Amino acid sequence: MKVVVLTGAGISAESGLPTFRDADGLWEGHDPMAVATPEAFADDPDLVQRFYDERRAALARVEPNAAHVALARLEERLGEDLHLVTQNIDDLHERGGSTRVHHMHGRLRAAWCTTCDHRHEWTTTLVDRPACPTCGHSTLRPDVVWFGEVPHDMDAVQRALFECDLFVAIGTSGLVYPAAAFVHYAIGAGADTLELNLAPDPVSDFAQVRQGPATRTVPAWVAEMLA
Ligand code: BV8
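Just so you know, these numbers come straight off a predicted model, no measurement behind them. Every chain's residues receive numbers from 1 upward, in the order its sequence appears when written. A pLDDT threshold of at least 70 governs which residues receive local features in this predicted model, and a stricter bar of 80 or more applies before side-chain atom pairs are shown or counted, although totals over entire chains, interfaces and linings include all residues. Hydrogens and water molecules were not included; the side-chain quantities draw on all heavy atoms of the structure.

**Focus on the overall build of the protein**
Piece 1. Where helices and strands are cited, they refer to DSSP runs of H or I of at least four residues and of E of at least two residues respectively, numbered from the N terminus. On a plain count of helices and strands, the protein comes out with 9 helices and 9 strands.
Piece 2. Note on method: radius of gyration uses C-alpha positions; expected globular size equals 2.2 Å times residues raised to 0.38. Over its C-alpha atoms the protein spans a radius of gyration of 18 Å, differing by no more than 12% from the 17 Å that the globule rule assigns to 227 residues.
Piece 3. Projected onto its principal axes, the C-alpha positions of the protein cover 50 × 35 × 30 Å.
Piece 4. Any two residues having at least one pair of non-hydrogen atoms within 4.5 Å are treated as being in contact. Considering only contacts in the protein between residues 6 or more positions apart, those separated by 24 or more positions represent 64%.
Piece 5. Method for areas: the Shrake-Rupley scheme with a 1.4 Å probe, in which residue coverage is limited to the protein chains shown. Accessible surface, the protein as shown: approximately 10,600 Å² in total, 53% of it carbon and sulfur.

Next up, the structure:
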């Protein structure tokens, strides 16, 4: 069985990372639409760099939860028949044991040099304008996809959606595109669809919806898949 799983901030909520909606639409006190954009970075680079430095530092204080670990077990069984696509820029899927993750919106623990285009693993700060390890210029930005920028791995994800038998969305409000459209591609491909969410939206496009915290609903669903 070919499965595509899409995760959002809700899968990391019980690890202690605030979701975008729960923080009353504020990330670290900022309106995401006003911060996670190239315009905001051009306008006030220090504010944007500090915003991501704070979130990168927070990663060191949290741990993956049972939902992340369950998806890693599913990958062990399904291998290449599982495509795990995350909108999250945290590293909790990897720390939970997943080895094949499509970070369609990039990664907090990576820096991208706008001079030489190289990407580097990064766990410290960027607001102090460190030199790019490759070219030496102080032109590193967070390796994340801002609003108006093109998400990563879209061709591979599109192919996986058109070939999948089951599409599962976990902990996402389905408000940001193109991720929000994935369920429609899956339905178009004839796949079954399942949403695991704390508070699923009432008018859901999903064939099946299971309500509850991800640390309960994801391990239960994976146990069914592994039975
Ligand atoms: C693109 C990285 C073209 C940065 C993020 C009109 C005007 C302007 C733009 C647009 C427009 N219409 C569409 C667009 C495009 C725009 C967009 O969608 N805007 C929205 C606001 C309308 N999209 C883009 O610009 C994208 N690029 O379209 O390029 C293109 C398209 C295709 C192919 C080629 C080119 C790029 C968008 C990426 C933005 N970057 N993140 C960073 O993190 O700082 S978005 C960011 O917000 C996240 O990555 C995520 O995508 C989104 C947050 O959503 P969720 O993860 O769902 O989190 P949320 O808090 O909303 O929901 C949490 C859910 O969990 C809830 O449902 C809750 O019930 C549940 N939950 C909570 N606790 C639990 C739980 N569930 C289970 N258990 C729990 N314990």
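**Quick look at the nonpolar core**
Piece 1. Val5, Leu71, Val168, Ile170, Val218 and Trp221 are the most contacted members of the largest nonpolar core, which totals 20 residues.
Piece 2. Among the secondary structure elements, those contributing two or more residues to this core are β1 (3-7), α5 (66-78), β2 (82-86), β7 (166-170), β8 (192-197) and α9 (214-226).
Piece 3. Considering every element that reaches this core, the biggest residue donor is α5, with 5 residues.
Piece 4. Among the nonpolar cores identified, the runner-up in size contains 17 residues, and Val4, Leu161, Ala179 and Phe206 belong to it. Here, nonpolar core means buried Ala, Val, Leu, Ile, Met, Phe, Trp, Tyr and Cys residues that are tied together by side-chain atoms lying within 4.5 Å of each other. For each residue, the accessible area found with a 1.4 Å probe, counting protein chains only, is set against the maximum for its type, and the residue is called buried under 20%, exposed over 50%, and partly exposed in between.

**With respect to the side chain of Arg56**
Piece 1. By the element assignment, Arg56 lies in helix α4 (residues 45-59).
Piece 2. Under the rule applied, a polar contact is a pair of N or O atoms within 3.5 Å (in protein, one hydrogen donor and one hydrogen acceptor; residues adjacent in sequence only if both atoms are side-chain atoms). A polar contact is formed between the side chain of Arg56 and the backbone oxygen of Leu108, at a distance of 2.7 Å.
Piece 3. Setting aside chain neighbours within four positions, we find Arg56 in contact with Leu108, Arg109, Trp122, Thr123, Thr124, Thr125, Leu126 and Pro142.

**Looking at unusual backbone geometry**
Piece 1. Following Tyr177, the chain continues into Pro178 via a peptide bond in cis, with omega recorded as 0°.
Piece 2. Mapped onto the elements of the fold, Pro178 is located in the loop between β7 and α8 (182-188).
Piece 3. Backbone geometry places Arg129, a non-glycine residue, at a positive phi of 55°.
Piece 4. Relative to the helices and strands, Arg129 resides in the loop between β5 (119-121) and β6 (140-144).
Piece 5. Residue classification places Arg129 among the partly exposed residues on the basis of a relative accessible area of 29%.
Piece 6. Positive phi, normally seen in glycine, also occurs at Asp153, with a value near 60°.

**With respect to the packing of aromatic side chains**
Piece 1. Whether two aromatic rings pair depends on their centres lying within 6.5 Å, for rings of Phe, Tyr and Trp, where Trp uses its six-membered ring; planes under 30 degrees apart make the pair stacked, over 60 edge-to-face, and the rest tilted. All told, the structure shown has 6 aromatic pairs when counted by the stated rule.
Piece 2. With a centroid separation of 6.5 Å and an interplanar angle of 35°, the aromatic rings of Phe182 and Tyr185 are classed as tilted. Separated by 3 residues within a single helix, Phe182 and Tyr185 lie in helix α8, roughly one turn from each other.
Piece 3. These aromatic residues form a ring-pair network of at least three members: Phe41, Phe51, Tyr52 and Trp146.
Piece 4. Two limits define a charge over a ring: the Lys NZ or Arg CZ must be within 6 Å of the ring centre, and within 35 degrees of the ring normal. Over the aromatic face of Trp112 sits the side chain of Arg119, whose NZ or CZ is 4.4 Å from the ring centroid.
Piece 5. Residue placement shows Arg141 over the ring face of Trp146; its charged tip is 3.8 Å from the ring centre.

**Focus on the domain arrangement of the protein**
Piece 1. An automatic or database domain assignment is the source of the domain bounds shown. Taken domain by domain, the protein holds domain 1 (1-17 + 64-105 + 150-227) and domain 2 (19-61 + 110-144).
Piece 2. Inter-centroid distance (C-alpha atoms) of domain 1 to domain 2 is 25 Å.
Piece 3. Taken together, the 12 residues of domain 1 in the interface contact 10 residues of domain 2.
Piece 4. Summed over both sides, the interface between domain 1 and domain 2 buries roughly 860 Å², with carbon and sulfur atoms accounting for 63% of that surface.
Piece 5. Considering only the side of domain 1, the residues that lose the most area to domain 2 are Ala9, Leu17 and Ile89, jointly responsible for 43% of the buried surface there.
Piece 6. A pairing counts as a salt bridge when a side-chain nitrogen of Lys or Arg comes within 4 Å of a carboxyl oxygen of Asp or Glu. Linking domain 1 with domain 2 are 0 salt bridges. Buried area counts how much accessible surface, traced with a 1.4 Å probe, disappears from two parts once they are put together, with both parts' losses summed.

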